[in-house]
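Structural characterization, general
The chain contents come next:
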Amino acid sequence: MGRSLLLELDYHLNPLSRLGVRRYSAVIPFFSTIFVYTISEILANQVFHNPESVGLYVIFISIALVMYFSFRDAIRGGFVASFTSIGYFLYIIWSRNYEGRRLVTSLETTLILGAVFFLMAFVIGWLKEKIDSSIEREADEKRRLQTIIQQLPVGVLIADKYGRILESNQQVEVLLGKKIPIGYVIGKESIVKVTQGGKEFVPSKSPLLRAINSGKTIVGEEFLIEHDDGKNKYLQISASPIHNKKGQIIAAASIMTDITQQKEMQDLKDEFLGIASHELKTPLTSIKGYAQILERIIEEMGNKKAKQYINKTHRYIDRLSSLIGDLLDVSKLQAGKLEFNYEEYDFDAMIEEAISSFQAFTDQYEIVKKGSSNKKVIGDSSRTEQVVTNLLSNALKYSPGAKKVIVSVKNGNNQVTVGVQDFGIGIARNKQKEIFKRFYRVEESVEKISGLGIGLYISAEIIHRQGGKIWVESREGEGSTFYFSLPIKASKKRT
Ligand code: ADP
């Protein structure tokens, strides 16, 4: 219904457009062949007025009819066409009163042709049935997959290798606030308003296209979608290429997950962290001030025990203040407000300063410096010192019982590289990338050693923002070496 006449004709006449349709008729081949042979009779008797004019051509017509109907209506169609053709041959023999040798040869020919027809009808018809059922199976499979895709609680987009959308489920519409029509080519313009990391989204860099072009899987990139109704959504989008048997990329699929709620919770948490650490810092500064006054008074009094206590108080105040400082840094980093002051500074002097102020706190460990950079570096000296201090603090914290920490400094290739090596608990290989993430702590160390899991996150951000790299080499039970390298002239990078 609703199909145009041409399509309807094509469906009935062109056997190719019936591929995958397992509806085989016996009536149509029967009447069609009878119709053709009736025309042949009318031509011979009424037009040429010579019944003998029905010649060899009838054999070719019947072969064509058997082939056509075997393909159109499978074995059933082929057999019906074979029957009617043989029937017509017998009718010719009977109606023309063939006799003697002629009768025998004609009957023989009819018999042979009949065998050929049935064999042909069987082979072609059987092939046709096989093709139809495999097409039908494929279509069923596709429908099953489509139903699953439509029901998924995540958005799914599938595009061919040219970036043309082949499949898009209802959830995509919910998440994007707009429908992406099938056939739409991604990469030219954006249907919706999207930003990624605060920057305008470049359509040609969409995860789906990148998966098609690079053949790599894109994992969990975050996007902000601005809906027309003002309700924005944060989406996490992944995409991966689809290969054919030969390993060529033929399409790609992309999955969108709504992470708006998580994001809002995280924002709330970050905001709270920012306010709380800021509010804690103010009274702490006063406590530190009063402790300093107290220290002077105690010194004047000359009470040794009291001096010992006030020194300890100082140490704990410093620890608390560094913890609060770290928390403040995290919330500034989240808000993109961590400031950097670029200046030229003596790299070795900065390292030595960090080591000596650390060594002052510990008798157990010897912090050994190896090598030097002999370089003046442009970057944020105090932020970089913060990184060294953090790595040293971890080296001591995570090597209970050890005696030594080695700080090595090298230069080369317009960059300086620092390694902080400890002989402590080490880090399992599969955790070595994770430890630079915010609030991540290796479970084994959580039980024994206290910490917030933000030191390495801040360190990594500080190094990346100055155009450098940070990494770790470690073996469980043997110790770890944390490295960072910085360009001699820091390039200012946005996070
Ligand atoms: P914190 O030390 O406060 O937990 P960090 O961000 O500095 O936070 O470190 C994250 C995690 O990485 C730590 O919890 C610890 O499990 C692991 N880690 C860091 N430095 C070392 C080290 N030198 N040796 C072993 N594990 C370490």
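Preceding this section is the structure that the text describes.
These remarks concern the structure in this document. Because the structure is predicted, anything quoted here is derived from the model rather than measured.

1. What to know about the overall build of the chain
When helices and strands are tallied, the chain shows 12 helices and 14 strands. Expected size for 495 residues packed as a compact globule is a radius of gyration near 23 Å; at 41 Å, the chain overshoots this value by more than 25%. Its C-alpha atoms give the chain principal-axis dimensions of roughly 145 × 50 × 40 Å. Within the span of the chain, comprising 495 residues, buried residues form 40% of the whole. Excluding contacts between residues fewer than 6 apart, the proportion of contacts in the chain whose partners are at least 24 apart in sequence is 63%. For the chain, the exposed area adds up to about 29500 Å²; of that, 58% sits on carbon and sulfur atoms.

2. Brief notes about helix α10 (residues 381–397)
Counted at 1.5 Å a residue, the expected span for α10 with its 17 residues is 24 Å, and the 24 Å between its end C-alpha atoms agrees. In terms of burial, α10 is a largely internal element, 12 of the 17 residues being buried. Among all positions of α10, only S381, R383, T384, E385, V387, V388, N390, L391, L392, N394, A395 and L396 are buried. Its side-chain oxygen 3.2 Å from the backbone nitrogen of S382, D380 forms the N-cap of α10.

3. Let's talk about the sheet that holds strand β12 (residues 415–422)
Strands sit in the order β9-β11-β12-β14-β13 across an open sheet of five strands; the sheet is mixed. Taken across any chain shown, the strands that pair with only one partner, and hence form the sheet edges, are β9 (366–370) and β13 (469–475). When strand polarity is set aside, the average angle formed by the axes of neighbouring strands in this sheet is 15 degrees. Sheet analysis places β12 next to strand β14 (residues 479–487), joined by seven bridges and oriented antiparallel. Across the sheet, V416 pairs through a bridge with L486, a residue of β14. Relative to the sheet, helix α12 (residues 455–465) contacts β13 and β14, its axis offset from that of β13 by approximately 135 degrees.

4. A few points about the sheet that holds strand β2 (residues 165–168)
Judged by pairing direction, the sheet is antiparallel, and its seven strands sit side by side in the order β2-β1-β7-β6-β5-β3-β4 without closing on themselves. One side of each edge strand has no neighbouring strand; the edge strands of this open sheet are β2 and β4 (199–200). Of the pairings in the sheet, the one linking strand β3 (residues 193–196) to β4 comprises two bridges and is antiparallel in character. Among the inter-strand pairings, Q196 is bridged to a residue of β4, identified as K199. Sheet contacts for helix α6 (residues 207–214): β1 (155–160), β2, β5 (218–226), β6 (233–243) and β7 (249–258); angle to β7, the most-contacted strand, approximately 150 degrees.

5. Focus: the packing of helix α3 (residues 57–95) against helix α4 (residues 100–151)
Each pair of packed helices can be summarised by the angle the axes make with each other and by the distance between the axes. Remark: α3 packs on α4, axes separated minimally by 9 Å, with the N-to-C direction vectors making an angle of 170 degrees. By the angle between their axes, α3 is roughly antiparallel relative to α4. A class-by-class count of the residues in the contact of α3 with α4 yields 23 nonpolar, nine polar and three charged.

6. Details of the environment of V21
Looking at the secondary structure, you find V21 in the loop between α1 (5–13) and α2 (27–47). On the accessibility criterion, V21 (22% relative accessible area) is partly exposed. Once the C-alpha coordinates of V21 and G426 are considered, the two residues, 405 residues apart in sequence, prove to be 65 Å apart. Apart from the residues lying within four places of it in its own chain, the contact partners of V21 are Y11 and D132.

7. What about the site of the ligand?
Neighbouring the ligand are 20 residues, the closest being N394, Y398, R441, S445 and L456. Between the ligand and D422, the relevant distance is 2.8 Å, taken from a nitrogen atom to a side-chain nitrogen or oxygen of the residue. R441 places a polar side-chain atom, nitrogen or oxygen, 2.4 Å from an oxygen atom of the ligand. Here the ligand has 530 Å² of accessible area as a free molecule, and 97% of this is covered by the chains. Put simply, the parts of the chain that give the shell around the ligand at least two residues each are α10, α12 and β14. Of the residues belonging to the shell around the ligand, the class tally is 10 nonpolar, seven polar and three charged.

8. Brief notes about unusual backbone geometry
Positioned with a positive phi, A74 is a non-glycine residue whose angle comes to about 55 degrees. With respect to the secondary-structure elements, A74 resides in helix α3. With a phi angle near 60 degrees, N414 is a residue other than glycine that sits in the positive phi range.

9. Focus on the pattern of salt bridges
Counted by the stated rule, this structure contains 22 salt bridges. Where D140 meets R143, a salt bridge forms, and the shortest distance between an N and an O atom there is 2.7 Å. You can see D140 and its partner R143 sitting in helix α4, three residues apart, about one turn around the helix. The partly exposed category is assigned to D140, whose relative accessible area is 32%. Using a relative accessible area of 48% as the deciding quantity, one classes R143 as partly exposed. Across the pair E173 and K179 runs a salt bridge, and its minimum N-O distance is 3.8 Å.

10. Topic: the nonpolar core
Counting 45 residues, the largest nonpolar core has F347, I351, L392, I435, F436, F482 and F484 as the members making the most contacts within it. Of all the secondary-structure elements, those providing two or more residues to this core are α8 (304–334), α9 (347–359), α10, β11 (404–412), β12, α12, β13 and β14. Here I435 is in contact with I427, Y440, V442, L456, V472 and F482, once residues within four sequence places are set aside. Formed by 24 residues, the second largest nonpolar core is a distinct cluster that contains L157, V172, F223 and A252.

Calculation rules
Counting starts from 1 at the beginning of each chain's written sequence and moves along it residue by residue. Reporting of local features is limited, given that this is a predicted model, to residues whose pLDDT is at least 70; pairs of side-chain atoms are given and counted only at 80 or more, and all residues count toward the totals for whole chains, interfaces and linings. Note: side-chain values were computed over all heavy atoms of the structure, leaving out hydrogens and water. Helical segments are the DSSP runs of H or I of at least four residues, strand segments are the runs of E of at least two, and each set is numbered from the N terminus. Note on method: radius of gyration uses C-alpha positions; expected globular size equals 2.2 Å times residues raised to 0.38. Three labels apply to residues, based on accessible area from a 1.4 Å probe with only protein chains included: buried if under 20% of the type maximum, exposed if over 50%, partly exposed otherwise in between. Contacts are residue-level and defined by heavy atoms, with any inter-residue pair within 4.5 Å sufficient. Working definition of accessibility: Shrake-Rupley area with a 1.4 Å probe, residue cover restricted to the visible protein chains. Expected span of a helix, by definition, is 1.5 Å for each gap between consecutive residues, and there is one gap fewer than residues. In protein, a polar contact requires one atom able to donate a hydrogen and another able to accept it; more generally it is a pair of N or O atoms within 3.5 Å, and residues adjacent in sequence count only if both atoms are side-chain atoms. Whether two strands pair comes down to DSSP finding at least two bridges between them. Axes here refer to lines fitted to C-alpha atoms; in helices the fit is confined to the stretch in contact. Angles between the N-to-C directions go from 0 to 180 degrees. Working rule for angles: under 35 degrees goes down as roughly parallel, over 145 as roughly antiparallel, 65 to 115 as roughly perpendicular, anything else as oblique. Gly is put with the polar residues, along with every residue not named as nonpolar or charged; the nonpolar set is Ala, Val, Leu, Ile, Met, Phe, Trp, Tyr, Cys and Pro, and the charged set is Asp, Glu, Lys and Arg. Near residues are defined by distance, with any heavy atom within 4 Å of the molecule or strand qualifying the residue. We define a salt bridge as a contact between a side-chain nitrogen of Lys or Arg and a carboxyl oxygen of Asp or Glu at a distance within 4 Å. Take the buried residues of types Ala, Val, Leu, Ile, Met, Phe, Trp, Tyr and Cys, join any two whose side-chain atoms come within 4.5 Å, and each joined set is a nonpolar core.

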